[in-house]
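Per-entry structural report
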Amino acid sequence: MLIAGFPAGAWGTNCYLVAPAAGEECVIIDPGHQAAPGVEEAVRKHRLRPVAVVLTHGHIDHVASVVPVCGAHDVPAWIHPDDRYMMSDPEKGMGRSIGMPIMGELTVGEPDDVKELTDGAKLALAGMELTVAHAPGHTKGSVTFGLPEAADIPPVMFSGDLLFAGSIGRTDLPGGSMDDMLESLARVCLPLDDSTVVLSGHGSQTTIGQERATNPYLRQVAAGRQGLSAFDAPRRGM
C-alpha cells in the first residue's frame, strides 16, 4: 500500500494520494487550497494514475483544488450531498456573505462529474475498497474513509476534521454541532481497533489507541460523559 500525503496551502490541509503500490491507479483525498502542484508532483514521483477524488467534507481548505485536479485527470469527485453546496458556494460554509474574498482568487465550483457519498458505502476504486462513514459534527456532510488491514499495513482511517492528534474538529461554523460531533466520535471512532492509523485533515498522524488514551474529547466520550460543549480543550479545522 502506498499513501503519499502532504500539507497544502494557507491552512496546511493534508492531501493524500492512496494506491495499492507505486505505478498503479490512485485515489486523491482532499485536494485543498494550493494542492494541485503537490498532487502532480506525487503523481509523477510515484507514477500514479488518478481515478477519483474523494472528499471528507466541503470546506474550502479541503476542496479548493478539486476543479483543476479533476479536470487535469478527467476523474469524478465524491462528496456527501449535505456538503455538496459548498463546492460552488464556499462562503456559506464559513459564515461569510456572498462576494467576500477568500484567500484571493480561487477556482470554486463543481467538476464535470460529481458523485454523492452515502453512509456505509464501499467504494471500489483503484483496486482498493474505501468504506464511507457519515460523521457529522464539523459539517453536516463530513465523512471518514476507512481502509481495511492489509498484509503490510494496519487499518487506516482518513478522519478529515473529525479527529486529530489530541483534538477534534471545531463545531462553531455553519453546519457544525457539538452534539453531532460527540455522536460521531462514539459511533465512528470508538469501535475501531487501537492499531488503526488515523490520518487527519490537519497535523500529524496518530492511532485510535493513542487518542483513546490521551485525547480529552475521546476519553470523555468513551467514559459516557456529556456536556463537552463547554469542555475547555482546543479544537481544530477551518
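One numbering rule holds for all chains: residues counted from 1, following each sequence as written. At least 70 in pLDDT is required for a residue's local features to be given in this predicted model, at least 80 for side-chain atom pairs to be given and counted, and no such filter applies to totals for whole chains, interfaces and linings, which use all residues. No hydrogens and no water enter the side-chain calculation; it runs on all heavy atoms of the structure.

1. Overview of the sheet that holds strand 3 (residues 25-29)
Filter applied, for reference: Here a strand pair is declared whenever DSSP counts at least two bridges between the two strands. Elements are defined by DSSP. Helices are runs of H or I of four residues or more, strands are runs of E of two residues or more, and each kind is numbered from the N terminus. Axis definition: a line fitted to C-alpha atoms, limited for helices to the stretch in contact. Angles are taken between N-to-C directions and run from 0 to 180 degrees.
Within the open sheet, the six strands sit side by side as 1-2-3-4-5-6. Their pairing is mixed. Two strands close off the open sheet at either side, each with one partner strand: strand 1 (2-8) and strand 6 (114-116). Averaged over all pairs of adjacent strands, the angle between strand axes in this sheet comes to 25°, irrespective of strand direction. In terms of strand pairing, strand 3 meets strand 4 (residues 49-54) through five bridges, oriented parallel. Bridging across to strand 4, Glu25 finds its partner in Arg49.

2. Some thoughts on the side chain of Asp161
Convention followed: Exposure classes here rest on a 1.4 Å probe applied to the protein chains alone. A residue is buried below 20% of its type maximum, exposed above 50%, and partly exposed in between.
Among the secondary structure elements, Asp161 is positioned in the loop between strand 10 (156-160) and strand 11 (163-164). Relative accessible area serves as the criterion here: at 3%, Asp161 is assigned to the buried category.

3. What to know about unusual backbone geometry
The phi dihedral of Gln34 falls on the positive side, at around 60°, and the residue is not glycine. On the secondary structure map, Gln34 appears in the loop between strand 3 and helix 1 (36-46). A positive phi angle, close to 55°, is found at Ala126, a residue other than glycine. Examined against the element boundaries, Ala126 turns out to sit in the loop between strand 7 (122-125) and strand 8 (128-134). Assessed through its relative accessible area of 8%, Ala126 is described here as buried.

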